[in-house]
Amino acid sequence: MVEQWDQHDGRRRIGSRPRTIDEYFEVERPLLMPLPEEPFETGRVFTPRVDRYSQIAVRTNRYSVPVRLIGKRFRVMLHASHLVVYDKNVEVARHERLIAKGSCRLELDHYLEALIRKPGAFPGATALEQARSAGKFTPVHDAWWAAAVKAHGDTEGTRALIEVLLMARHIPHEYLVAGLATALRAGALTADAVALEARKAAQTEDEPGPATSSAPATGQPPATVTFLHEWKLNHLPPELWTSARTMCSKTVRSATRRR
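Residues numbered from 1 in each chain as written. Predicted model: local features only at pLDDT ≥ 70, side-chain atom pairs only at ≥ 80, totals over all residues. Heavy atoms only, no water.

**Q** Tell me what's going on with the side chain of Glu-197, and back it up with residues and numbers.
**A** Relative to the assigned elements, Glu-197 resides in helix H8 (residues 191-206). A residue is classified by how much of its surface remains accessible, and Glu-197, at 5% relative accessible area, is buried. (Helix = DSSP H or I, 4+ residues; strand = E, 2+ residues; numbered from the N terminus. Buried < 20%, exposed > 50% of the residue type's maximum accessible area, 1.4 Å probe, protein only.)

Spelled out as structure tokens, the structure:
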């Protein structure tokens, strides 16, 4: 509707001038300066200091930043719907803006480096509860965590889960959850197994699959976990396989001559 109004107004003449507004604009268009390459910043700037809880105060609310930034002062751009924290020109945190006063928004990923040193603080962390509410910490995470704690104990099982959560910085969320589910079904309760299964899930989605599946129609298909050394061998380039076979043949011949 606004565009229709613009078109209608562009055909209008001001007073007794001989040309319309659109015709005058076409004359002036070549004289206009180009738009700036950087977008015009409309946010409000704050420079809060990160407290010992790895949080910054903006207006009446608090937001988390990575724990490595404790004690430093940063530039914050507050927009209508979100805020962005910058270390010089590098974005280090981004949050949806809180509307209610006295609220707190915490990102679980910001605290992982501290929690991996003190895994006993993980179960009661406020950031964990917010991650559950937001759907970032799924029931699959909880199930794998419970199985890891049962197998390795509270401390080591929780530390293994935190190692898995750290992988989310490099592996998309959906593939990581798929890796957790596959590893859980196979009883593979280590971070390395989850990482391998997550990468396999990503490769499976990228590669075109067969039209029909040989999995049974009912029931869950049996889960298997490939060990890391097997996966590496299966993905060796052909030229490396040739070199490996040549070296093995030479070794066998030398051992035969010595005998």
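Right, picking up where we left off after that structure.
**Q** So what's going on with the sheet that holds strand E4 (residues 75-78)? Which residues, and what values?
**A** Pairing within the open sheet is antiparallel, and its four strands lie in the order E1-E4-E5-E6. Edge strands, defined here as strands with exactly one partner in the open sheet, are strand E1 (44-46) and strand E6 (90-96). Neighbouring strand axes in the sheet, compared pairwise and without regard to direction, differ in orientation by 25 degrees on average. Bridge analysis of E1 against E4 gives three bridges, and the strand direction is antiparallel. Note on E4: the bridge partner recorded for Val-45 is Met-77. (Pairing = 2+ DSSP bridges. Axes fitted to C-alpha atoms, helices over the stretch in contact; angles between N-to-C directions.)

**Q** Provide a residue-level description of the pattern of salt bridges, including the pertinent values.
**A** What the rule picks out here adds up to 11 salt bridges. Residue Glu-26 pairs with Arg-29 through a salt bridge whose shortest N-O separation is 2.9 Å. A salt bridge links Arg-62 to Asp-51; the nearest nitrogen and oxygen atoms lie 2.4 Å apart. One end of the pair, Arg-62, is in strand E3 (residues 61-64); the other, Asp-51, is in the loop between E1 and strand E2 (55-58), with 11 residues separating them in the sequence. (Salt bridge = Lys/Arg side-chain N within 4 Å of Asp/Glu carboxyl O.)

**Q** Account for the nonpolar core, with residues named and values stated.
**A** With 34 residues, the main nonpolar core has Leu-108, Phe-122, Phe-137 and Trp-144 as its most contacted residues. Those residues in contact with Phe-122 that sit more than four places away from it in its chain are Leu-108, Leu-115, Leu-128, Phe-137, Trp-145, Thr-158, Leu-161, Ile-162 and Leu-165. Membership of the second largest hydrophobic core comes to 15 residues, among which are Val-50, Ile-56, Val-85 and Ala-93. (Core = buried A, V, L, I, M, F, W, Y, C linked by side-chain atoms within 4.5 Å. Contact = heavy atoms within 4.5 Å.)

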